[in-house]
Amino acid sequence: MSEQPKKVFSLLQLLQSVSRMVAKTYEHSYWIKAEITKINEYKYSGHCYPELVEKQNGKIVAQVRAIIWAKTYQSIKKNFEAVVKEPLKEGMTVVLLGQISFDPLHGIALNIQDIDPSYTLGDMMRERNAAIDRLKREGLFEKNKRLSLPVLPRRLAIISVMTSKGFQDFNNVLSDYKEKYKPFTRLFPALLQGDKAVESMMQALAKVQQYAHLFDAVLILRGGGSDIGLNAYDSYEFAAAVATFPLPVITGIGHSTNETVVEMVAWKNMITPTETAYFLMSRYSDFEQSCTKAFNTIATAVRNKIKQHQQRLSQSAQQIQRLTTQKTQKAHHQLLLLKGHIKTLATNILKNNERRLATTTELLVRLPAINIQNAQNKLDITTIKARIFDPAAVLKKGFSITKHRKHTIVNLQSLKQGDAITTYLQSGKINSVIKKITPNE
């Protein structure tokens, strides 16, 4: 039995058949939820070729390439940004209206006709609310607000972009005060929006933290007035970094919608960079006014005290003058009385002295003769005593005088056995040697 010839299809025939089958089976459009991994926007043609995936437990379980034609893409993008306040970007989960197509050359694709911004907005709000709940649950929501900002925050670390209009507006305000208050600012550049904004701003915060001891506060400034690109400020990681930062964080990111999570946890949130500058400079001017008021209060108090003391001094001077006059008059009166008393006393003293002088004169006349007689009497008595105690007279009466080494012996303590002594009598002297000493009992 002969074999049937093989029916061979070309690859194109096969794929065209698949294309017809897909078109027949999937003739309608479907709402699909997927994550955008790449945007692939072509500015020259205006077309967009997103790559879509679905993940389960962090793993990609499905993927497809898609296309949004230029005119449709511009309409979708405008509507999406108007509702979500964010541009379409990689990492977003979206709900889109698309139709499956299969092309023999390019394979399967999803032709996107519309994107529902309300789902993405809801998804972003869920992430935002989850971030707020987690920060509160971890006790971080109010942590930065509990820090103290110095009365005069002069050293300011700024996270912004050099070319940012908000940064320029901030500097324009400060330029009016720099000469007077001399605030110090240091820019730490960072991306303020886009896919890398969170990472970039957190890196800038980390750099500031290395020099935290050199600053009083951190400012996050983003101007321009557009609400696009604010999703980065709802990031839990960025908000947690702000909430736990060791310095007060002040935000001025220039938008008109509800506060972002970062603004909620910051020490202070100002509407714009300009308002941030005015807020800081108002602390300077308020402090200056307080100092001026205090100075004026002190000066007034000092002037009042001086005036009071001057009045008291004047009163005291008048009182002293009155007392001095009274004392002078009293002293003058007492001086007059004393003068009379002294005059009387002097007269009496003179009279007494005259009587004493007369008596003394009389004594001086009689006293020499009396003194001479008394002296003569004392001399006579002394002569008699001298005669009585003359050694010759003593020896004549039968007494003797014994000497040892020319010294008269009056006690036995200076003598010892064997000493030579001399005894004097009226008729001569006797030399002896002591053989025995017997003291009186």
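Report follows, based on the coordinates. Just so you know, these numbers come straight off a predicted model, no measurement behind them. (Residues numbered from 1 in each chain as written. Predicted model: local features only at pLDDT ≥ 70, side-chain atom pairs only at ≥ 80, totals over all residues. Heavy atoms only, no water.)

1. A closer look at the overall build of the protein
Thinking step 1. Looking only at helices and strands, the protein has 10 helices and 14 strands in total.
Thinking step 2. Relative to the 2.2 N^0.38 estimate, which gives 22 Å for 441 residues, the radius of gyration of the protein is 64 Å and therefore markedly larger than a compact globule would have.
Thinking step 3. Out of the 441 residues in the protein, the part that is buried amounts to 30%.
Thinking step 4. A total of about 30,000 Å² of accessible surface is found on the protein, and carbon and sulfur atoms cover 56% of it.
Thinking step 5. Positive and negative charge centroids in the protein, built from 61 and 37 side chains respectively, lie 26 Å apart. (Helix = DSSP H or I, 4+ residues; strand = E, 2+ residues; numbered from the N terminus. Rg over C-alpha atoms; globule rule 2.2 N^0.38 Å. Buried < 20%, exposed > 50% of the residue type's maximum accessible area, 1.4 Å probe, protein only. Areas by Shrake-Rupley, 256 points an atom, 1.4 Å probe, with all protein chains shown as cover. Lys, Arg positive; Asp, Glu negative; His and termini not counted. Charge placed at Lys NZ, Arg CZ, Asp CG, Glu CD.)

2. Some points on the layout of surface pockets
Thinking step 1. There is about 410 Å³ of room inside the largest pocket.
Thinking step 2. Forming the boundary of the largest pocket are 20 residues, of which Lys89, Gly91, Glu127, Asn231 and Ser235 lie nearest the centre.
Thinking step 3. When residues of the lining of the largest pocket are traced back to their parent elements, those giving at least two are α3 (117-137) and α7 (236-243).
Thinking step 4. Counting residues per element, the lining of the largest pocket draws most heavily on α3, at 6 residues.
Thinking step 5. Across the lining of the largest pocket, the residue classes break down as 6 nonpolar, 6 polar and 8 charged. (1 Å grid on protein atoms, 1.4 Å probe; cavity = no way out; pocket = protein on both sides within 12 Å on 5 of 7 lines; lining within 4 Å. Points joined across faces, edges and corners; volume = space filled by probe spheres on them. Nonpolar A, V, L, I, M, F, W, Y, C, P; charged D, E, K, R; others polar.)

3. Quick notes on the packing of helix α4 (residues 165-175) against helix α9 (residues 273-388)
Thinking step 1. At a minimum axis separation of 8 Å, α4 and α9 run at an interaxial angle of 30°. The angle between α4 and α9 places the two elements in the roughly parallel class. For the pair α4 and α9, the crossing hand works out as right-handed. Contacts between α4 and α9 involve Gly166, Asp169, Phe170, Val173 and Leu174 from the former and Pro273, Thr274, Thr276, Ala277, Tyr278, Leu280 and Met281 from the latter.
Thinking step 2. Taken together, the residues that form the contact of α4 with α9 break down as 8 nonpolar, 3 polar and 1 charged. (Axes fitted to C-alpha atoms, helices over the stretch in contact; angles between N-to-C directions. Parallel < 35°, antiparallel > 145°, perpendicular 65-115°, else oblique. Left-handed = near helix turned anticlockwise from the far one by under 90°. Contact = heavy atoms within 4.5 Å.)

4. Quick notes on the side chain of Ser160
Thinking step 1. Secondary-structure assignment places Ser160 in strand β6 (residues 155-160).
Thinking step 2. By relative accessible area, Ser160 is classed as buried at 0%.
Thinking step 3. For Ser160, the side chain forms a polar contact with the main-chain oxygen of Leu221, separated by 2.9 Å.
Thinking step 4. Here Ser160 is in contact with Phe167, Leu187, Phe188, Pro189, Ala190, Leu192 and Leu221, once residues within four sequence places are set aside. (Polar contact = N/O pair within 3.5 Å; in protein donor to acceptor, adjacent residues only side chain to side chain.)

5. A closer look at the nonpolar core
Thinking step 1. One finds Leu135, Ile159, Met201, Val218, Tyr233, Phe238 and Val242 to be the most contacted residues of the largest nonpolar core, which totals 39 residues.
Thinking step 2. Residue contributions to this core peak at 7 residues, all from α7.
Thinking step 3. By size, the runner-up hydrophobic cluster in this structure holds 20 residues, among which are Leu149, Phe170, Ile250 and Ala277. (Core = buried A, V, L, I, M, F, W, Y, C linked by side-chain atoms within 4.5 Å.)

6. Side note on helix α6 (residues 197-210)
Thinking step 1. Taking 1.5 Å per residue as the helical rise, α6 with its 14 residues ought to reach 20 Å, and the 20 Å between its terminal C-alpha atoms agrees with that figure.
Thinking step 2. For α6, every residue scored as buried is listed here: Ala197, Val198, Ser200, Met201, Ala204, Leu205 and Val208. All buried residues of α6 project into a common sector of 170° when viewed along the axis, lining one side.
Thinking step 3. Residues of α6 that are buried in the fold lie against β6, β7 (184-189), β8 (217-221) and α7. (Expected span 1.5 Å × (residues − 1). Arc of directions from axis to C-beta.)

7. Concerning the side chain of Arg128
Thinking step 1. In this fold, Arg128 is placed in helix α3.
Thinking step 2. When its relative accessible area of 11% is taken as the criterion, Arg128 is described as buried.
Thinking step 3. Reaching out from Arg128, the side chain makes a polar contact with the side chain of Asp234 at a distance of 3.4 Å.

8. Things to note about unusual backbone geometry
Thinking step 1. We note that Asn40 has phi near 55°; this positive angle belongs to a residue other than glycine.
Thinking step 2. In this fold, Asn40 is placed in the loop between β1 (30-38) and β2 (51-56).
Thinking step 3. A relative accessible area of 30% places Asn40 in the partly exposed class.

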